[in-house]
Amino acid sequence: MSTPTLWTIARQPLGRPIRAALTLQSIPFRMPSSEEYTHFESNLKPEFRGKFPHAKIPAWEDPSKDLLLFEGAAIAKYVSKLSANSTLLGSTPEQEAQIDQWIHLTEMEIDTYTNLVRAVCTGGIAGYSKPAHTFFLERQLRALKTLNTHLASRTYFVGERLTLADLFVAALIQKAVGISISKEVRAQVPHVVRHLETIVNHPQLKEIYGEIDYTDKGLQFVPPKKEKDEKKKEAKPKAEAKPKEEKKPKKKEVEVEEDDGDEPLVPEEPKKKNPLDDLPKSTFNLEDWKRAYSNMETRGDGGALEWFYKNYDPAGFSIHRVAFKYPAELTQTFMSSNQITGFFNRLEASRKYLFASVGVLGQTNDSVIEGAMVCRGDKIEPVVEVAPDWESYAFSPLDLSKPEDKEFFEGAMAWDLEVAGKKWVDGKNFK
């Protein structure tokens, strides 16, 4: 009987859980030698594509069963069933579903963002975007916190034994801690780190997973240096004086040719005028309000709220209540406060149209994010939709003629707001 081949390379994260599953079950397999397989070369050749049309690794080839498989999770699940006594997929259909659940979450909500961070920082995505970079990291942290909460009282993801979920999650977390999961983030998810180190240091797996290469700050974007092509300029003969009758369009063509070296790979889109700029002029100056709020006591005579009521123009501006839609996902209050900061960072493009005071109310594992926003125009959407995650928040207009709405607004401004018995813990201003 021929030995199955696992087409992968030692450093490939998605190959590790497959190799680990085979090793734990003592199932013989082979990996191609460096002479036999060179990544980005061998997998693009017709003979490889003939078996695996998508030209991806890991891939599984078992001639004795006439079986060809690709996609890491599919192969890992298949090989985990090859031993009759294997418990890598649990011992019940319910446990197998739970194992699939953690593998899928880690692939979609952690590894996806690891790849996006690497792409946006290294030019794989044209045009670096700081808001996008921040959004990717925050979405990844959200999933990490889910893993961390689950592991807080457990050694393994499912049951009391090592399963494919542990092998798979560890491989993708090991990849992420070298790219996007910084030292600061790791401090927030200690149980995830503990789990990673438990799996990687397992006696039968240590050689497969290798050392963990932790990053301190995470991958950062470094702007390329602009260098003028001096050699090209030196090689170019000086243009002779042109006769006066020469047409101007040709001169323009020469100028365009000289500028070609500085053209971006992807041309910038023309800036669109914000429709909020076309609104009738308002008597309320938002920048003056931001200064008044910063320099005055919020409540009391001569305070910021008194200034606001004297100057506010409801025809040109509107006030809205904002609340995070998924409070069940909030754990540590300081993490929730960091979430507000991230949301505000992504609202940067609307700074001249918006003021906000938003806070965390409650306690650890029982909190909400709520606050108030003062925005240009009568609708909140044109102001907040610049943030990719704006739909994670609920917005509703506040009518200051209603005592309950006025009380909410003043509480948010003064940072003494209380909602359903939950008191203000920490707050952030967007100004």
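Residues numbered from 1 in each chain as written. Predicted model: local features only at pLDDT ≥ 70, side-chain atom pairs only at ≥ 80, totals over all residues. Heavy atoms only, no water.

### Things to note about the packing of aromatic side chains
Considering all chains together, one arrives at 27 aromatic pairs under this definition. Their ring planes at 25° and their centres at 6.1 Å tell us that Trp289 and Trp307 sit as a pair that is stacked. You can see Trp289 sitting in helix H12 (residues 286-295) and its partner Trp307 sitting in helix H13 (residues 304-311), a full 18 residues away along the chain. Exposure remark for Trp307: the relative accessible area of 21% places this residue in the partly exposed category. Ring pairs connect the aromatic residues Phe284, Trp289, Tyr293, Trp307, Phe308, Tyr309, Tyr312, Phe317, Phe355 and Phe409, which therefore count as one cluster. Over the ring of Phe317 we find Arg376; its NZ or CZ atom is 5.2 Å from the centre of that ring. (Phe/Tyr/Trp six-rings, centres within 6.5 Å; stacked < 30°, edge-to-face > 60°. Helix = DSSP H or I, 4+ residues; strand = E, 2+ residues; numbered from the N terminus. Buried < 20%, exposed > 50% of the residue type's maximum accessible area, 1.4 Å probe, protein only. Lys NZ or Arg CZ within 6 Å of the ring centre and 35° of its normal.)

### Considering the pattern of salt bridges
Within the structure shown, the criterion is met by 19 salt bridges. Residues Lys77 and Glu96 are paired through a salt bridge, measuring 3.5 Å at the closest nitrogen-oxygen approach. Linking Lys77 in helix H3 (residues 72-79) with Glu96 in helix H4 (residues 93-122), this pair joins segments that are 19 residues apart in sequence. For Glu306, the salt bridge is made with Lys310, and the minimal N-O distance between the two is 3.5 Å. Here Lys310 and Glu306 lie together in helix H13, a separation of 4 residues that amounts to about one turn. Relative accessible area serves as the criterion here: at 30%, Glu306 is assigned to the partly exposed category. The network of salt bridges with common partners includes Lys77, Lys81, Glu96 and Asp100. (Salt bridge = Lys/Arg side-chain N within 4 Å of Asp/Glu carboxyl O.)

### Notes on the environment of Val360
Tracing the backbone shows Val360 in strand E5 (residues 354-363). Taking the relative accessible area as the measure of exposure, Val360 reaches 0% and is therefore buried. Along the chain, Val360 and Phe324 lie 36 residues apart, while their C-alpha atoms are 10.0 Å from each other.

### Brief notes about the sheet that holds strand E6 (residues 366-376)
One open sheet holds the 6 strands; their spatial order is E7-E4-E6-E5-E9-E8, and the pairing between them is antiparallel. What marks the edges here is a single partner per strand, and that holds for strand E7 (393-397) and strand E8 (418-419). With 10 bridges connecting them, E5 and E6 associate as antiparallel partners. Bridge pairing in E6 places Val358 opposite Gly371. Against the sheet, H12 touches strand E4 (317-324), E5, E6 and strand E9 (422-430), its axis set at about 40° to E5. Across the sheet, helix H16 (residues 403-414) touches E4, E5, E6, E7, E8 and E9, and the angle it forms with E6 is around 100°. (Pairing = 2+ DSSP bridges. Contact = heavy atoms within 4.5 Å. Axes fitted to C-alpha atoms, helices over the stretch in contact; angles between N-to-C directions.)

### Digging into helix H6 (residues 164-176)
Every α-helix winds through 3.6 residues per turn, so residues three or four apart in the chain are directed the same way. Between its terminal C-alpha atoms H6 stretches 18 Å, which fits the 18 Å expected from 13 residues at 1.5 Å a residue. Burial analysis of H6 places 13 of its 13 residues in the buried class, the great majority of the element. (Expected span 1.5 Å × (residues − 1).)

### With respect to empty space enclosed by the protein
In total, this model carries 1 cavity of 30 Å³ or more according to the counting rule given. Contributing to the lining of the largest cavity are Leu144, Ile173, Val177, Ile181, Arg186, Val189, Val192 and Val193. (1 Å grid on protein atoms, 1.4 Å probe; cavity = no way out; pocket = protein on both sides within 12 Å on 5 of 7 lines; lining within 4 Å. Points joined across faces, edges and corners; volume = space filled by probe spheres on them.)

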